[in-house]
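# Secondary and tertiary structure notes
Residue strings, one per chain:
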Amino acid sequence: MGAAILREGGLVAFPTETVYGLGANALNEEAVRAIFAAKGRPADNPLIVHIHDRSQLAEICDLPEGAERLMDAFWPGPLTLLMPRRPAIPPVVTAGLDTVAVRMPSHPVALSLLKACGLPIAAPSANRSGKPSPTQASHVLEDMEGRIPLILDGGPCEVGVESTVLDLCHGRPCVLRPGGVTREMLESVLGPVDIAGSVLRPLQEGEVARSPGMRYRHYAPEGQVWLVTGSEADTARAIRKLFTEAESQGRRACVMCFSEHMEALAGCRPHDIGSRLHPSETAQCLFDTLRRLDAEGMELVFSEVMPPEGVGLAVMNRLGRAAAFRTVSAAEVLAGQLPFAQSG
Ligand code: TXA
Ligand code: MG
């Protein structure tokens, strides 16, 4: 049924190994416009084209240096490559850019849907614009009920953050969005790879985003998220102090902490974000946790952080943006500083 809907120009939400996607026939301009409408997505933010077989590339893009080696190593999987666009891809897909983002997902449901319809499928994450990407079919339903005819349920997504986006068109390869295929993995195939400056900080005044997606407010829960840095022991104590102060001001607060610190933060509404030794666990549950914070009406959220290495770079990029990069050091908090303003 999914394949028939796609062939007729309709929209289908489907699971991938990263997050759920909202797909339409990439060769059908009108179908692609319907994606932007259903998501409430600005038209200047381009989409990723999904394929199941490399023979489809001939009509989509040219292959820059290094592309085939990357495909050999990481496709199917969570790696999106920016390559020069061919004319068959309508400009609405790429927001008028002359590059096109392409990926081959590894999720069996995604692959069989792509195969059954035989088309390149344009698909952004299946959330309403500005909400965290969906990692479960129920998240898609929350955002898209009544807007699309079909959601394929493949259970929770394994990676949990969106694919790595790698630009192969502008000099040295550059990661525009970190994801499940890490810098270290890319460098083992390509040699040195750059990371876009805006991955771990806000865009600066007048700075042009290399990826349009970086311009938009993203992954931001309604409450204010604070990232707390410092030694393991200080961090847990500082977070407890922040929580207690917030609650004493009558503001609903909670904590995002590693499994190892759930006990130390008992009583502070701790949300378990996985083991601090396994960033992939945090990646898996991060968006679901952010959605919960809104559902629970949290006003202030205090979160632990991890080193921005391996999958930790993707986690800190998403968490940083959820927090609008608001950061406070545990030492400062323990010395008596409070980062958030007094209420009313
Ligand atoms: O894991 C994923 O990539 C998921 C699943 C569904 O495949 N898709 C996804 O799509 O996250 P979306 O649309 O939410 O994110 C695509 C990102 C955006 O930040 C967009 O700006 C960037 O890729 N992008 C797409 N085409 C681009 C282009 N030609 N140049 C620069 N950035 C591009
Ligand atoms: Mg998205």
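None of these values were measured; they are calculated from a predicted model.

Turning our eyes to something else, we now look at the overall build of the protein. A count of helices and strands for the protein gives 12 helices and 15 strands. Against the globule reference of 20 Å for 344 residues, the protein gives a C-alpha radius of gyration of 20 Å, in line with a compact fold. Considering only C-alpha atoms, the protein reaches an extent of 60 × 45 × 35 Å along its principal axes. With 344 residues in all, the protein has 54% of them scored as buried. Sequence-distant contacts, at least 24 apart, represent 67% of the contacts inside the protein between residues at least 6 apart. In the form shown here, the protein has an accessible surface area of approximately 14000 Å², with 50% of it arising from carbon and sulfur atoms. Treating the 32 positive side-chain charges of the protein as one cloud and the 40 negative ones as another, the clouds have centres 3 Å apart.

Take the sheet that holds strand S14 (residues 300–303) next. Reading across from one edge, S13-S12-S14-S11-S15 is the order of the five strands in this open sheet, with parallel pairing throughout. The open sheet has two edge strands with one neighbour each: strand S13 (270–272) and strand S15 (327–329). Neighbour to neighbour, the strand axes of the sheet diverge by 30 degrees on average, direction disregarded. In the sheet, strand S12 (residues 253–257) pairs with S14 via four bridges, with the strands oriented parallel. Directly across from valine 255, in S14, lies its bridge partner phenylalanine 302.

At a closest axis distance of 8 Å, the pairing of helix H10 (residues 279–295) and helix H11 (residues 311–322) adopts a crossing angle of 25 degrees. Judged by the inter-axis angle, H10 sits roughly parallel to H11. In this structure, H10 meets H11 at a crossing whose hand is left-handed. Residues Pro279, Ser280, Thr282, Ala283, Leu286, Phe287 and Leu290 of H10 touch H11, and the partners they reach there are Val311, Gly312, Val315, Arg318, Leu319 and Ala322. Looking at side-chain class alone, the contact of H10 with H11 contains nine nonpolar, three polar and one charged residues.

Before going further, it helps to examine the pattern of salt bridges. The tally for this structure, following the rule as stated, stands at 16 salt bridges. In this structure, aspartate 72 and arginine 54 form a salt bridge, with 2.6 Å as the shortest nitrogen-oxygen distance. With a gap of 18 residues between them, aspartate 72 in helix H4 (residues 67–74) and arginine 54 in the loop between strand S3 (48–50) and helix H3 (57–60) connect regions that are remote in the sequence. Looking at aspartate 72, the relative accessible area reads 54%, which means it is exposed. Residues aspartate 288 and arginine 292 are paired through a salt bridge, measuring 3.0 Å at the closest nitrogen-oxygen approach. In this pair, aspartate 288 and arginine 292 are both assigned in helix H10, four residues apart and thus about one turn of the helix distant. The network of salt bridges with common partners includes Lys131, Glu142, Asp143 and Arg291.

Moving on to the domain arrangement of the protein. Each domain of the protein was delimited in the assignment, giving domain 1 (2–159) and domain 2 (224–343). Once you take the C-alpha centre of each, domain 1 and domain 2 turn out to be 32 Å apart. Residue-level contacts link 14 residues of domain 1 with six residues of domain 2. Counting each side, the surface lost to burial between domain 1 and domain 2 is near 790 Å², with a carbon and sulfur contribution of 48%.

Tracing the chain through its elements places histidine 50 in strand S3. Overall, histidine 50 belongs to the buried group, its relative accessible area being 4%. Here the side chain of histidine 50 touches isoleucine 48 through a polar contact of 3.2 Å, landing on its backbone oxygen. Aside from chain neighbours lying at most four places away, what touches histidine 50 is Arg103, Pro105, Leu114, Leu119, Pro120, Ile121 and Ala123.

Note that the residue after tryptophan 75, namely proline 76, is joined by a cis bond; omega there is -10 degrees. Unusually for a residue other than glycine, arginine 269 sits at a positive phi of about 45 degrees. Among the secondary structure elements, arginine 269 is positioned in the loop between S12 and S13. Although it is not a glycine, phenylalanine 325 sits at a positive phi angle of roughly 60 degrees.

Reading the values: the criteria
Residues numbered from 1 in each chain as written. Chains lettered and ligands numbered in written order. Predicted model: local features only at pLDDT ≥ 70, side-chain atom pairs only at ≥ 80, totals over all residues. Heavy atoms only, no water. Helix = DSSP H or I, 4+ residues; strand = E, 2+ residues; numbered from the N terminus. Rg over C-alpha atoms; globule rule 2.2 N^0.38 Å. Buried < 20%, exposed > 50% of the residue type's maximum accessible area, 1.4 Å probe, protein only. Contact = heavy atoms within 4.5 Å. Areas by Shrake-Rupley, 256 points an atom, 1.4 Å probe, with all protein chains shown as cover. Lys, Arg positive; Asp, Glu negative; His and termini not counted. Charge placed at Lys NZ, Arg CZ, Asp CG, Glu CD. Pairing = 2+ DSSP bridges. Axes fitted to C-alpha atoms, helices over the stretch in contact; angles between N-to-C directions. Parallel < 35°, antiparallel > 145°, perpendicular 65-115°, else oblique. Left-handed = near helix turned anticlockwise from the far one by under 90°. Nonpolar A, V, L, I, M, F, W, Y, C, P; charged D, E, K, R; others polar. Salt bridge = Lys/Arg side-chain N within 4 Å of Asp/Glu carboxyl O. Domains from an automatic or database assignment. Buried area = accessible area lost by both parts, 1.4 Å probe. Polar contact = N/O pair within 3.5 Å; in protein donor to acceptor, adjacent residues only side chain to side chain.

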